[in-house]
Amino acid sequence: NAGVTQTPKFRILKIGQSMTLQCTQDMNHNYMYWYRQDPGMGLKLIYYSVGAGITDKGEVPNGYNVSRSTTEDFPLRLELAAPSQTSVYFCASSYTPSGTMFYEQYFGPGTRLTVT
Amino acid sequence: GIQVEQSPPDLILQEGANSTLRCNFSDSVNNLQWFHQNPWGQLINLFYIPSGTKQNGRLSATTVATERYSLLYISSSQTTDSGVYFCAVERGYTDKLIFGTGTRLQVFP
């Protein structure tokens, strides 16, 4: 199993550009998440999904969009990039056998994004 | 919302020393996990431990849910233990974890 994979690893965007961060997991996990981590800080949840076709906002959703058309993929879209979106973005997944409680979260390697 | 506080914020150790990291949370939780972020940024899940005690090699964790804290013990520390340790909790089946601000550990040879 590759686990959780993210592409690209690094990206530099100009202000106002758009891009999609890709996330794929091969563990058949139903839950998937997007976090951002600013320098020296903890992780903040942007969006999450409890299954294909279902997404919901986290703590810091403004400026981002997500979709979940398959169990494996959970892309994060940045529209009209701003310097405040400079951060490291992590995708994660977890499994809920009962649908009411999830267990360990597994993280991808991250995407380092700079907006100038 | 629930508050998650970790202490100490920074810890410097010599190889071979033992350490205890603490995570306090402001309300009851149904999910608590410890993560290690290595110096290259990779996040690794160490423990899923909403209550009780678990051990994995030199690492062990204890959560006392009734008193709203969890402890992560690192014994015989190695330079590879360096990085940031995060505690994260879920309250009330919200489907999401709230992360603390972390403890930065540096282990020197």
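This text gives an overview of the structure that appears in the document. None of the values given here were measured: they were computed from a predicted structure.

Reading guide: rules and limits
- Residues numbered from 1 in each chain as written.
- Chains lettered and ligands numbered in written order.
- Predicted model: local features only at pLDDT ≥ 70, side-chain atom pairs only at ≥ 80, totals over all residues.
- Heavy atoms only, no water.
- Helix = DSSP H or I, 4+ residues; strand = E, 2+ residues; numbered from the N terminus.
- Polar contact = N/O pair within 3.5 Å; in protein donor to acceptor, adjacent residues only side chain to side chain.
- Contact = heavy atoms within 4.5 Å.
- Pairing = 2+ DSSP bridges.
- Axes fitted to C-alpha atoms, helices over the stretch in contact; angles between N-to-C directions.
- Phe/Tyr/Trp six-rings, centres within 6.5 Å; stacked < 30°, edge-to-face > 60°.
- Buried < 20%, exposed > 50% of the residue type's maximum accessible area, 1.4 Å probe, protein only.
- Salt bridge = Lys/Arg side-chain N within 4 Å of Asp/Glu carboxyl O.
- Nonpolar A, V, L, I, M, F, W, Y, C, P; charged D, E, K, R; others polar.
- 1 Å grid on protein atoms, 1.4 Å probe; cavity = no way out; pocket = protein on both sides within 12 Å on 5 of 7 lines; lining within 4 Å.
- Points joined across faces, edges and corners; volume = space filled by probe spheres on them.

### Concerning the side chain of A:S49
Residues and elements named next belong to chain A.
Okay, step 1: Along the polypeptide, S49 turns up in strand 5 (residues 43-51).
Okay, step 2: A distance of 2.7 Å separates polar atoms of two side chains, one belonging to S49 and the other to R68.
Okay, step 3: With sequence-adjacent residues up to four places away left out, S49 is seen in contact with N30, Y31, M32, I54, T55, R68 and F74.

### Let's talk about the sheet that holds strand 1 (residues 4-7) of chain B
In any sheet, the strands associate via hydrogen bonds between backbone groups, in a parallel or an antiparallel arrangement.
Residues and elements named next belong to chain B.
Okay, step 1: Reading across from one edge, 1-3-8-7-6 is the order of the 5 strands in this open sheet, with antiparallel pairing throughout. Pairing within the sheet leaves two strands with one partner each, and these edge strands are strand 1 and strand 6 (52-56). Adjacent strand axes in the sheet meet at a mean angle of 15 degrees, parallel and antiparallel pairs treated alike.
Okay, step 2: As defined by bridge partners, strand 6 adjoins strand 7 (residues 59-64) across 5 bridges and the pair is classed as antiparallel. Its bridge partner being in strand 7, Q55 is matched across the sheet by S60.

### Some thoughts on the packing of aromatic side chains
Okay, step 1: This model, assessed by the stated rule, comprises 11 aromatic pairs over all chains.
Okay, step 2: Aromatic pair A:Y33 and A:Y48: ring centres 6.5 Å apart, planes at 20 degrees, arrangement stacked. Of this pair, A:Y33 sits in strand 4 (residues 31-37) while A:Y48 sits in strand 5, and the two are 15 residues apart along the sequence. Comparing A:Y33 with A:Y48 shows no difference in burial state: the two are buried.
Okay, step 3: Geometrically, the ring pair formed by B:F86 and B:F99 is edge-to-face, given 6.3 Å between the ring centres and 75 degrees between the ring planes. Note that B:F86 is positioned in strand 9 (residues 83-90) and B:F99 in strand 10 (residues 98-99), a separation of 13 residues in sequence. Comparing B:F86 with B:F99 shows no difference in burial state: the two are buried.
Okay, step 4: A network of ring pairs unites the aromatic residues A:Y31, A:Y33, A:Y35, A:Y48, A:F90, A:F107, B:F35, B:F86 and B:F99 as a single cluster.

### Considerations on the interface of chain A and chain B
Frequently, the measure chosen for interface size is the accessible area that the parts lose on association.
Okay, step 1: Counting residues at the interface gives 22 residues for chain A and 20 residues for chain B.
Okay, step 2: For the interface between chain A and chain B, the tally reads 0 salt bridges.
Okay, step 3: At the level of elements, strand 4, strand 5 and strand 10 (105-107) of chain A are the ones that each hand at least two residues to the side of chain A that touches chain B.
Okay, step 4: In the side of chain A that touches chain B, the residues fall into 14 nonpolar, 5 polar and 3 charged.

### A closer look at the pattern of salt bridges
Okay, step 1: Applying the stated criterion to the full structure yields 4 salt bridges over all chains.
Okay, step 2: Taking the shortest distance from any N to any O, the salt bridge between A:R77 and A:E79 comes out at 3.1 Å.
Okay, step 3: Accessibility expressed as a relative area gives 31% for A:R77, which makes it partly exposed.
Okay, step 4: Given a relative accessible area of 35%, A:E79 falls into the partly exposed group.
Okay, step 5: Taking the shortest distance from any N to any O, the salt bridge between B:R91 and B:D27 comes out at 3.2 Å. Taken together, the residues B:R91 in the loop between strand 9 and strand 10 and B:D27 in the loop between strand 3 (19-25) and strand 4 (31-37) connect sequence positions 64 residues apart.

### What about the pairing of strand 6 (residues 54-57) of chain A?
All names here are of chain A.
Okay, step 1: Sheet topology note: the strand 5/strand 6 ladder contains 3 bridges and is antiparallel. Its bridge partner being in strand 6, G51 is matched across the sheet by I54.
Okay, step 2: Counting the residues in the hairpin turn of strand 5 and strand 6 gives 2 residues, including G53, whose phi is positive at 85 degrees.

### Looking at the layout of surface pockets
Okay, step 1: Of the voids in this model, the largest pocket is the one considered here, and its volume is about 660 Å³.
Okay, step 2: Around the largest pocket, the lining comprises 35 residues; the ones closest to its centre are A:Q37, A:V88, A:R112, B:Q37 and B:G41.
Okay, step 3: Contributing elements (two or more residues each) for the lining of the largest pocket: strand 9 (87-94) and strand 11 (111-115) of chain A together with strand 9 and strand 11 (103-108) of chain B.
Okay, step 4: Partitioned by chemical class, the residues of the lining of the largest pocket number 13 nonpolar, 17 polar and 5 charged.
Okay, step 5: The space that makes up the second largest pocket amounts to roughly 180 Å³.
Okay, step 6: If you trace the second largest pocket, you find it lined by B:G1, B:I2, B:Q3, B:V4, B:E90, B:R91, B:T94, B:K96, B:I98 and B:F99.
Okay, step 7: Classifying every residue of the lining of the second largest pocket by side-chain character gives 4 nonpolar, 3 polar and 3 charged.

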